[in-house]
Structures are given as C-alpha cells and as structure tokens.
Amino acid sequence: MSDDDQRDQTPAEPAARPAAAAGPQPEPIKFFGTTWVNHDGTYALRRVGMAAASLVTAVAAAMLLRLSYEGLEIGNVGPFLSISVVVLFAIASSIAFAKTWDSFKRRPAPSSDEAALKGLKTIGFIGSLIAYFLRCFAEAPGERLRRAEYERATAEFARRRSTRTGNPAARRPKRKK
C-alpha cells in the first residue's frame, strides 16, 4: 500500500477548539495581529519594519512613475499630456493620503463614497503608502480606533456582567403599590 492510500484511510483528527473566551476579543490589525493590545511580542519591531517597508515601496513606486514620465517624454507626446499626468498623480496621491489618514481615525459610514474613490486611491497609492509610513511612527495604523472600540466593548461587557445577580426566574415578584 502506498503512502497516499494510508493517508486516505487514516481517520481525521478533530481540530482542537479553543475555549470560548469571556468578553470581547480585540480585532486584529493587518501585519500586527493582536500585539497592539499590550504592545507585546514583536510589536515594536513590526512597526519599524512596516514603516521601512512602506517607505521603500513608496520610493520604488515614485521611481517607477518617474520612468513612466520619461517614457512619455521619449514618446514626445507633448507638454499638455505630460503635465496632465503629473497633476493627475499629484491630486490622486493627495486624496489617497487624506482618505487613508482619515481611515485610521474613524470607520467610514456604510453609505459613504469610499467605494467610488477606490480607483482614485489605487492611482494615488503613493499617498496611501506615505500615510501608512507616517502613522507607523506613532502607532500601528488604525490602533487608536480599534483600541477605543475594544475598550468601549470591554467596559460594556463588564457593565452587563456586573448587573447580573443570578437566575431572574428565581426572583420574587415586585409588590404592587
């Protein structure tokens, strides 16, 4: 019997289920997980690494855009198109920077125009990378927002747990006045 046949016949082991933790769980941040809660583990190293990675990516993207612009110059497309491309990327990058920076402070409303600006933020990706780079100096991007939500949920959970006094069915009925 080959190894493949033996693997097919072995019973699957049930996955170990983690015990249900009491209270709200922190929302993980991309590239940081939940290390932002206590700033433990490799949190500081991750912040430095993400800041460096976003800066290097932004510089590489700027070099790529410069090569693209030089290609337009070599193609002799004219000054109007060359200036239009530079202005387009500058405006798109500034809008992407502002929207990315705001997304670290508050969640967008469900009916907001974030979906409509997705293409513009893609074109201005250098602005988003620079916002990510700058935010890594203070905290993990989006940490303040998630921390406020987590602390609010923890306080609400503690308030709800502390008001419980036992089995409500075993209580005596209130006297009528």
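The rules behind these values
Residues numbered from 1 in each chain as written. Predicted model: local features only at pLDDT ≥ 70, side-chain atom pairs only at ≥ 80, totals over all residues. Heavy atoms only, no water. Helix = DSSP H or I, 4+ residues; strand = E, 2+ residues; numbered from the N terminus. Polar contact = N/O pair within 3.5 Å; in protein donor to acceptor, adjacent residues only side chain to side chain. Contact = heavy atoms within 4.5 Å. Expected span 1.5 Å × (residues − 1). Buried < 20%, exposed > 50% of the residue type's maximum accessible area, 1.4 Å probe, protein only. Salt bridge = Lys/Arg side-chain N within 4 Å of Asp/Glu carboxyl O. Axes fitted to C-alpha atoms, helices over the stretch in contact; angles between N-to-C directions. Parallel < 35°, antiparallel > 145°, perpendicular 65-115°, else oblique. Left-handed = near helix turned anticlockwise from the far one by under 90°. Nonpolar A, V, L, I, M, F, W, Y, C, P; charged D, E, K, R; others polar. Core = buried A, V, L, I, M, F, W, Y, C linked by side-chain atoms within 4.5 Å. pLDDT = per-residue confidence, 0-100. Phe/Tyr/Trp six-rings, centres within 6.5 Å; stacked < 30°, edge-to-face > 60°. Lys NZ or Arg CZ within 6 Å of the ring centre and 35° of its normal.

1. Details of the side chain of Thr35
(1) Moving on: Along the chain, Thr35 turns up in the loop between α1 (3-9) and α2 (43-74).
(2) Moving on: Separated by 2.7 Å, the side chain of Thr35 and the backbone oxygen of Phe32 make a polar contact.
(3) Moving on: Setting aside chain neighbours within four positions, we find Thr35 in contact with Asp40 and Tyr43.

2. Description of α2
(1) Moving on: Taking 1.5 Å per residue, 32 residues should reach 46 Å; α2 reaches 46 Å between its end C-alpha atoms and fits that length.
(2) Moving on: Of all the positions in α2, only Tyr43, Arg47, Met50, Ala51, Ser54, Ala58 and Ala61 are classed as buried.
(3) Moving on: Where α2 ends, the next residue or the one after it, Asn76, has phi of about 55°, a positive value.

3. Details of the pattern of salt bridges
(1) Moving on: Under the definition given, this model contains 7 salt bridges.
(2) Moving on: In this structure, Glu27 engages Arg146 in a salt bridge whose closest nitrogen and oxygen atoms are separated by 3.5 Å. Of this pair, Glu27 sits in the loop between α1 and α2 while Arg146 sits in helix α6 (residues 143-163), placing them 119 residues apart in sequence.
(3) Moving on: Here Arg107 makes a salt bridge to Glu149, at a shortest N to O gap of 2.9 Å.

4. So, the side chain of Ser82
(1) Moving on: By the secondary structure assignment, Ser82 is in helix α3 (residues 79-103).
(2) Moving on: Relative accessible area serves as the criterion here: at 3%, Ser82 is assigned to the buried category.
(3) Moving on: A distance of 3.1 Å separates a polar atom in the side chain of Ser82 from the backbone oxygen of Gly78.
(4) Moving on: Once residues lying within four places of it in the same chain are set aside, the contact partners of Ser82 are Tyr69, Leu72, Glu73 and Val77.

5. A word on α3
(1) Moving on: Compared with an ideal rise of 1.5 Å per residue, which puts 25 residues at 36 Å, α3 spans 36 Å between its outermost C-alpha atoms and is within 8% of the ideal.
(2) Moving on: Those residues of α3 not exposed but buried are Ser82, Ala92, Ser93, Ala96 and Thr100.
(3) Moving on: Considering only its buried residues, α3 is in contact with α2, α4 (118-123) and α5 (125-138).

6. Comments concerning the packing of α2 against α5
(1) Moving on: Contact geometry of α2 with α5 gives a least axis separation of 8 Å together with a crossing angle of 155°. The orientation of α2 relative to α5 falls into the category roughly antiparallel. Relative to α5, α2 is oriented so that their crossing is left-handed. Residue-level inspection shows Arg47, Met50, Ala51, Ser54, Leu55, Thr57, Ala58, Ala61, Ala62 and Leu65 of α2 in contact with α5, the latter providing Phe125, Ile126, Leu129, Ile130, Tyr132, Phe133, Cys136, Phe137 and Ala138.
(2) Moving on: Looking at the contact of α2 with α5 residue by residue, the classes come out as 16 nonpolar, 2 polar and 1 charged.

7. Considerations on the nonpolar core
Soluble globular proteins tend to pack their nonpolar side chains together in the buried interior.
(1) Moving on: Of all hydrophobic cores here, the largest spans 13 residues; its most connected members are Phe32 and Tyr132.
(2) Moving on: Going through the elements one at a time, α2 and α5 are the ones with two or more residues in this core.
(3) Moving on: No other element matches α5, which puts 4 residues into this core.

8. As for the confidence of the model for the protein chain
(1) Moving on: In the predicted model, the protein chain carries a mean pLDDT of 82, and 84% of its residues have values of at least 70.
(2) Moving on: Within the model, the stretch residues 13-17 combines pLDDT values under 50 with 0 contacts to residues more than four positions away or in other chains.

9. Quick word on the packing of aromatic side chains
(1) Moving on: Applying the stated rule across the entire model yields 6 aromatic pairs.
(2) Moving on: A centroid spacing of 6.4 Å and a plane angle of 70° characterise the contact between Trp101 and Phe104, whose relative ring orientation is edge-to-face.
(3) Moving on: Judged by its relative accessible area of 23%, Trp101 is partly exposed.
(4) Moving on: According to the relative accessible area criterion, Phe104 is buried, its value standing at 7%.
(5) Moving on: A ring pair is formed by Phe133 and Phe137, whose centres lie 4.9 Å apart and whose planes are at 70°; its orientation type is edge-to-face. Of this pair, Phe133 and Phe137 both sit in helix α5, 4 residues apart, which is roughly one turn of that helix.
(6) Moving on: A cation sits over an aromatic face here: Arg135 above Trp101, 5.0 Å from the ring centre.

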